[in-house]
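A structural walkthrough
So the chains spell out like this:
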Amino acid sequence: MTEPLPNEALKDFLNTVRTGEVRTGRVVRVDDREALVELDGFSGPGQALGRIPGGDLTRKAVGHPSEAVSVGQRLTFEVTAVDGEQQYVWASASACEDPALRAFLLGLRRGATHRGRVQSVHGFGVFVNLDGEPDHEGTTGFIRGPELSWRRIDHPADAVTAGQQVIGEIIGVDTRRGQVQLSLKALQEDPLVPFADRAGTVMAGQVTKLVPFGAFVRIADGVEGLVHTTEFLDEPVEDPGRIVSEGDEITVRIVEVDLVRRRVTLSARNLP
């Protein structure tokens, strides 16, 4: 029987490697961007190599990959992708850096709810200490600004405060970063749904923002719609600021509610 060519043997081996599984190997090279590891378990000619980007070597702050690993060092890592064409795997050592944290993360499920305490609030989002998370540096939970509320908020501090107990829906689990993405909004009633069949309704609203093409008007808490420049008067309005100002209370008619695109179209023309 003819012995398989090196690339055929490697191809067969890579076909057994699955994204998300944990593998081990030895570091064979470290450069400015990444570390190369030789995967254990390959018995064919040549090497089965894994590439670990610098940002996936450790969660600790390091200036160069050589500060995290060295040639000859053995590593445990998670397979993040398999490149069959180039015949190597992408991997993350940071995903396996803290076994207790990894076990905690793998025990979570997207769509489930989880409690935690707000640790800090920033302009880009909120960090949360999750109930049951193991002791480790940093926090495990994170809530992006748009996932805090259906309401328009200027800053995450308008929705939550440090020390507050929260419960959110798990929308993502990232073993590489050791982070769980939460959504508070997912557990709140969508304020747009009650307006789905209210096209034609005339009601009062408050102008919240002027833009070159019209004005946004809040018709309920968490529900804003656009009055286009063509929907103020019978003739187009070049500058909506000459008709209304931010904070004004005006009467509008609901023209359309698009739940998919989350858009409300309003008109201030020809109202009784």
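Residues numbered from 1 in each chain as written. Predicted model: local features only at pLDDT ≥ 70, side-chain atom pairs only at ≥ 80, totals over all residues. Heavy atoms only, no water.

Some thoughts on the sheet that holds strand β8 (residues 141–144)
Note the following rule: Strands are labelled as partners when DSSP assigns at least two bridges between them. Working definition: helices are DSSP H or I runs of at least four residues, strands are E runs of at least two. Numbering for both runs from the N terminus. The axes used here are C-alpha line fits, helices contributing only the stretch in contact, and every angle between their N-to-C directions lies in the interval 0 to 180 degrees.
A barrel is described by the order of its strands in space; here five strands give the closed sequence β6-β7-β8-β10-β9, paired in mixed fashion. Averaged over all neighbouring strand pairs, the angle between strand axes comes to 50 degrees, with direction disregarded. One ladder, built from five bridges, connects strand β9 (residues 165–174) with strand β10 (residues 179–183); its direction is antiparallel. Residue pairing across strands places Val173 opposite Val180, the latter belonging to β10.

Considerations on the environment of Val27
This is how it is decided: In this description, contact between two residues means that some pair of their heavy atoms is separated by no more than 4.5 Å.
If you trace the backbone, Val27 turns up in strand β1 (residues 22–30). C-alpha separation for the pair Val27 and Val69, spaced 42 residues apart in sequence, amounts to 7.7 Å. Leaving out residues up to four positions away in the same chain, Val27 has contacts with Leu36, Val37, Val69, Ser70, Val71, Gly72, Gln73 and Leu75.

Examining helix α2 (residues 99–106)
Two residues of an α-helix separated by three or four positions point the same way, owing to the 3.6 residues in each turn. What counts here: For the exposure calls, accessible area comes from a 1.4 Å probe over protein chains only, and a residue counts as buried if that area is under 20% of its type's maximum, exposed if over 50%, partly exposed in between. The arc in question is traced by the directions running from the helix axis to the C-beta atoms. Here a polar contact means two N or O atoms within 3.5 Å. Within protein one must be a hydrogen donor candidate and the other an acceptor candidate, and residues neighboring in sequence count only if both atoms are side-chain atoms.
Buried within α2 we find Leu101, Arg102, Phe104 and Leu105. When α2 is viewed along its axis, its buried side chains cluster within an angular range of 160 degrees and face the same direction. In this structure, α2 carries Pro99, Ala103 and Leu106 as exposed residues pointing more than 90 degrees from its buried face. Structurally, α2 contributes buried residues whose contacts are with β1, β4 (74–83), β6 (113–122), β7 (125–130), β9 and β10. The backbone nitrogen of Ala100 has a side-chain oxygen 3.2 Å away, supplied by the residue at the start of α2, namely Asp98.

Here's the deal with the pairing of strand β2 (residues 34–39)
Of all six residues in β2, five are buried; the element is thus mostly enclosed. The pairing of β1 with β2 spans five bridges and is classified as antiparallel. Bridge pairing in β2 links Gly25 to Leu39. Counting the residues that bridge the hairpin from β1 to β2 gives three residues. For β2 and strand β3 (residues 49–53), the ladder comprises five bridges, and the chain directions are antiparallel. Pairing of Glu34 across the sheet is with Pro53, part of β3.

Remarks on the packing of aromatic side chains
Defined as follows: Pairing of aromatic rings covers Phe, Tyr and Trp, the last through its six-membered ring, and needs centres within 6.5 Å; plane angles under 30 degrees mean stacked, over 60 mean edge-to-face, and all others mean tilted. We count a charge as sitting over a ring when the NZ of a lysine or the CZ of an arginine lies within 6 Å of the ring centre and within 35 degrees of the ring normal.
Scanning the entire structure with this criterion turns up five aromatic pairs. Ring geometry for Tyr88 and Trp90: centres 5.7 Å apart, planes at 80 degrees, overall edge-to-face. Of the residues examined, Tyr88 reaches a relative accessible area of 16% and is grouped as buried. One aromatic cluster in this structure is built from Phe124, Phe127 and Phe142. Sitting above the plane of the Tyr88 ring, Arg51 keeps its charged end 4.9 Å from the centroid. It is Lys185 that lies over the ring of Trp150; its NZ or CZ is 4.7 Å from the centre.

Description of the sheet that holds strand β12 (residues 214–220)
If you trace the five strands once around the closed barrel, you get β11-β12-β13-β15-β14, paired in mixed fashion. Direction aside, the axes of adjacent strands within the sheet are offset by 50 degrees on average. Relative to β12, strand β11 (residues 202–211) runs antiparallel, the two being bridged by five bridges. Residue pairing across strands places Gln206 opposite Arg218, the latter belonging to β12.

Structural measurements only, silent on function.
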